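The primary structure of each chain is shown beneath.
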Amino acid sequence: MLDRHAQTLLRPALNAAARGLVRAGVSADALTWLGFALGLAAAVAIALQAWVWGLALLLASRLLDGLDGSVARLTEPTDAGGFLDITLDFVFYAAIPLAFAVANPQANALPAAVLLASFIGTGSSFLAFAAIAEKRGLTDTALPGKSFYFLGGLTEATETITVFAAMCLWPEHFAVLAYGFAALCAVTTGMRIGWGYFRVRSE
C-alpha cells in the first residue's frame, strides 16, 4: 500500500547514491548479495536477542535492497538480477519471524508460525500473478521499471519492514504485532486473489 509513496520519497537519494556506486564499479547483483547477507546477520542478532543490532542490520539490508534496483536501472537490468533479488527477499522475510521464534520459543513460536503462514499467502498470490502477467504481456503502471508485475495490497515491503522494526524495538510485544500483521496479510491475500482472478479473466 505504501511502497509507491516510499519509492517516490526515497528515489532521489537512492539514485544519487547509485550513481556513485556505478562510478565505483559496484554491480547490482553484488548489492543484492550484500543486502541478503546483512539480512541474515540481522536474523542471527535477533535470535540472540541483540535487538538494537538486529534493527540496525535489518535497516541496512533493506537500504541495499533499494539501492540494487537503482544501480540496475542505471546500468543494464537483467532477468537474472530480478530473479536473484526477489528470491533472496523472500528468504529474508521468512528469516526474521523465525529468528524471533528462536529468541523466545515459548512465547513466539506460534505467532511466528502464523505470520509465516500468512507470508505464504501473500507471496504465492504475488508470484502467481506475476507469472501470468508476464505470459500475457501485462504491464505494471504503478511501479514501472520492475522485473515483473508487482501486485499491491495492504502489506507490501514498506509495511513489512515497519513491523519488523517495531518487533525489534518492542520484542515483548512480538506476538501481538505478529498476529495483527498476519491478519492484514490475510486481507492482502484475499484482495490479490480476487483482483488477480478477475483481471486475468477480463484479459
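Residues numbered from 1 in each chain as written. Predicted model: local features only at pLDDT ≥ 70, side-chain atom pairs only at ≥ 80, totals over all residues. Heavy atoms only, no water.

(A) Summary view of the overall build of the protein chain. Per the secondary structure count, the protein chain includes seven helices and zero strands. Counting over 203 residues, the protein chain shows a buried share of 42%. Residue pairs at least 24 apart in sequence account for 80% of intrachain contacts in the protein chain once pairs closer than 6 positions are excluded. Summing over all exposed atoms, the protein chain offers an accessible surface of approximately 10,700 Å²; the carbon and sulfur share of this is 69%. (Helix = DSSP H or I, 4+ residues; strand = E, 2+ residues; numbered from the N terminus. Buried < 20%, exposed > 50% of the residue type's maximum accessible area, 1.4 Å probe, protein only. Contact = heavy atoms within 4.5 Å. Areas by Shrake-Rupley, 256 points an atom, 1.4 Å probe, with all protein chains shown as cover.)

(B) Region of interest: the packing of aromatic side chains. Counted by the stated rule, this structure contains 11 aromatic pairs. Summarising the aromatic geometry, the rings of F90 and F126 are spaced 6.3 Å apart at their centres and angled 40° between planes, so their arrangement reads as tilted. Of this pair, F90 sits in helix α4 (residues 79–103) while F126 is found in helix α5 (residues 105–136), placing the two residues 36 residues apart along the sequence. Among the residues examined, F126 registers a relative accessible area of 7% and is labelled buried. Geometrically, the ring pair formed by F119 and F181 is edge-to-face, given 6.4 Å between the ring centres and 85° between the ring planes. Pair noted here: F119 is in helix α5 and F181 is in helix α7 (residues 174–202), with a separation of 62 residues, a long-range link. Counting every residue linked through ring pairs, the aromatic cluster contains F92, Y93, F119, F164 and F181. Between the NZ or CZ atom of R62 and the centre of the ring of F92, over which it lies, the distance is 3.9 Å. Above the ring of Y93, the side-chain terminus of R62 is found at 5.9 Å from the ring centroid. (Phe/Tyr/Trp six-rings, centres within 6.5 Å; stacked < 30°, edge-to-face > 60°. Lys NZ or Arg CZ within 6 Å of the ring centre and 35° of its normal.)

(C) Expanded view of the nonpolar core. Membership of the largest hydrophobic core comes to 28 residues, with the highest contact counts inside it found for L58, I96, F164 and M167. Mapped by element, the contributors of at least two residues to this core are α2 (28–47), α3 (51–74), α4, α5, α6 (157–169) and α7. At seven residues, α4 tops the list of elements feeding residues into this core. Once residues lying within four places of it in the same chain are set aside, the contact partners of M167 are F100, L115, F174, L177 and A178. With eight residues, the next largest nonpolar core counts L14, A18, L31 and V71 among its residues. (Core = buried A, V, L, I, M, F, W, Y, C linked by side-chain atoms within 4.5 Å.)

(D) Spotlight on the environment of A16. For A16, the position within the fold is in helix α1 (residues 3–23). What makes A16 partly exposed here is its relative accessible area of 39%. Considered as a pair, A16 and V71 are 55 residues apart in the sequence and their alpha carbons are 9.9 Å apart.

(E) Structural detail: the confidence of the model for the protein chain. Summary statistics for the protein chain give a mean pLDDT of 89 and a share of 90% for residues scoring 70 or more. Per-element averaging of pLDDT across the protein chain places α1 at the bottom with 80 and α2 at the top with 97. (pLDDT = per-residue confidence, 0-100.)

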